[in-house]
Amino acid sequence: MAGATAAGAVLAAPAIVRAQAKALKVAVVLPRSGLFAAAGQSCHRGAVVAPKVLADLGYAVELINIDFESNVDVARTQTERAIAEGAQAVVGAFESGATLAMAQVCEQRKVPLVINIASVPQLTEQGYQYLVRNFLTNAQLVGNGLKLVKDLMAATNVQFKNAVFVHANDTFGTAQRAAMDKLFPAAQMPFPLVESIAYDPKAQDLAVEVTKIRAVAPELVLVTTRSSDAIKLVRDMVRQRYEPKAIISPGSPGLYDEEFYQALGPLADFHIFNLPWANAKSPVTQALAAAYKTAHPSNRFEVDCFNAGFTFEAIMIAADAFKRAGTADGPTLMKAVKATDIAEHVMTGGPIRFDEKGQNNDIQASVVQNRNRTPTVVLPPEVAVAAPVLPMPPWQGRS
């Protein structure tokens, strides 16, 4: 791992490194309650085990775990408070609106913000100097997702006559819609996108939206969801006996959360999401998985690895920069963050590096399908552990 040294080698490090503070204080700001609680808690489980795994890699971090309650204003005020109380770096926040609010605070206070999960383009397009994003942008999520849909069609010899795009009307969903509107025509997809349908993620059900979908009768439903609204969407499809050939997310959460599996049982199977996933062959992934299973025996790393993996990597980026910088001074630490070059890490893709805007452009997506209520990589072939199933089986008769 670039920038990482074995514990035994630390004794030979320069005096400036030996003299630095014992551990970097990192505020990890996540939505552990409220609308995004399921995903926030999943991210948090990755943060909980990070100090031990990083210690074995020669790093030292002290975490300040913060719940921003799925509320943008709380995210802002809690970030301000954490920095005032000694946080030297910030990680977060899963939700894009909250991350934008935190970015403004970190910029003012000259404290590095390492984004674990948040995709709106503004984060790396507004000139923030104290921010890096180890996650895909909306355009990258959608672009990679659409390419993998074509790969999936080729691998299964299944064609789609038409598609609709269903998305939440929140910050993330609206940004995904903008990316879809821009990228779909250029992607030369072998089917038309006949309509985009927005919904309120706080709605009690999505019966009206499913009625609209049925009226169009697409063979493919492309979705941008989170777990709570993905559950509503599937339930209303089942109630209205609407069965597309496939439900595919070209880059969003929801379909892989434990909450989704628990609520829907066998109805949660065969949905597809095109996202980066944990690289099971990486020694860092293996170490994280082992620590996770010990600390969280009631949860499954196979389900949590997306949220937990990206959160762990964000903390690792801050810790690696701290070790190289030899100080937690904001400008010096941020310079080291921007110079990150970590070859061995958790998620699929090349080394963790950032461009001049603070964006990591080397993250790779895979096609992941729910099988027996477990996320299962089905493409590309070099990392797949099962073959994709298309069309998805009917709702009736699943067990």
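Presented here is a report on the structure given in the accompanying data block. Because the structure is a prediction, the values reported are computed rather than measured.

Here's the deal with the sheet that holds strand β5 (residues 131–133)
Through backbone hydrogen bonds, the strands of a sheet pair up, either in parallel or in antiparallel fashion.
Inference 1: One open sheet accounts for 5 strands, arranged β2-β1-β3-β4-β5; its pairing is parallel. With one partner strand each, in any of the chains shown, β2 (61–67) and β5 form the two edges of the open sheet. Looking at each pair of strands side by side, their axes are set apart by 20 degrees on average, direction ignored.
Inference 2: Across 3 bridges, the pairing between strand β4 (residues 113–115) and β5 is parallel. Note that in β5 the partner of isoleucine 115 across the bridge is arginine 133.
Inference 3: With respect to the sheet, helix α3 (residues 72–84) is in contact with β1 (24–30), β2 and β3 (89–92), its orientation differing from that of β2 by roughly 150 degrees.

Regarding helix α4 (residues 96–109)
Inference 1: Helix length check: α4, at 14 residues, gives a terminal C-alpha distance of 20 Å against a target of 20 Å (1.5 Å per residue), a fit within 8%.
Inference 2: Among the residues making up α4, those that are buried are Ser96, Gly97, Ala98, Thr99, Leu100, Ala101, Met102, Ala103, Val105 and Cys106.
Inference 3: Looking at where α4 begins, the residue whose side-chain oxygen comes 3.0 Å from the main-chain nitrogen of glycine 97 is glutamate 95.
Inference 4: Lysine 110 lies just past α4 and shows a positive phi near 55 degrees.

Considerations on the sheet that holds strand β12 (residues 374–379)
Inference 1: The 7 strands are arranged β7-β6-β8-β9-β10-β11-β12 in an open sheet whose pairing can be described as mixed. Since the sheet does not close on itself, it has two edges, and those belong to β7 (193–199) and β12, each with one partner. Between one strand and the next, the sheet's axes are offset by a mean angle of 25 degrees, whatever the strand orientation.
Inference 2: The pairing of strand β6 (residues 163–168) with strand β8 (residues 220–224) spans 5 bridges and is parallel. Bridge pairing in β8 links valine 166 to valine 223.
Inference 3: Strands in contact with helix α7 (residues 171–186) are β6, β7 and β8; relative to β6, the strand with the most contacts, it is inclined by about 155 degrees.

Calculation notes
- Residues numbered from 1 in each chain as written.
- Predicted model: local features only at pLDDT ≥ 70, side-chain atom pairs only at ≥ 80, totals over all residues.
- Heavy atoms only, no water.
- Pairing = 2+ DSSP bridges.
- Helix = DSSP H or I, 4+ residues; strand = E, 2+ residues; numbered from the N terminus.
- Axes fitted to C-alpha atoms, helices over the stretch in contact; angles between N-to-C directions.
- Contact = heavy atoms within 4.5 Å.
- Expected span 1.5 Å × (residues − 1).
- Buried < 20%, exposed > 50% of the residue type's maximum accessible area, 1.4 Å probe, protein only.
- Polar contact = N/O pair within 3.5 Å; in protein donor to acceptor, adjacent residues only side chain to side chain.

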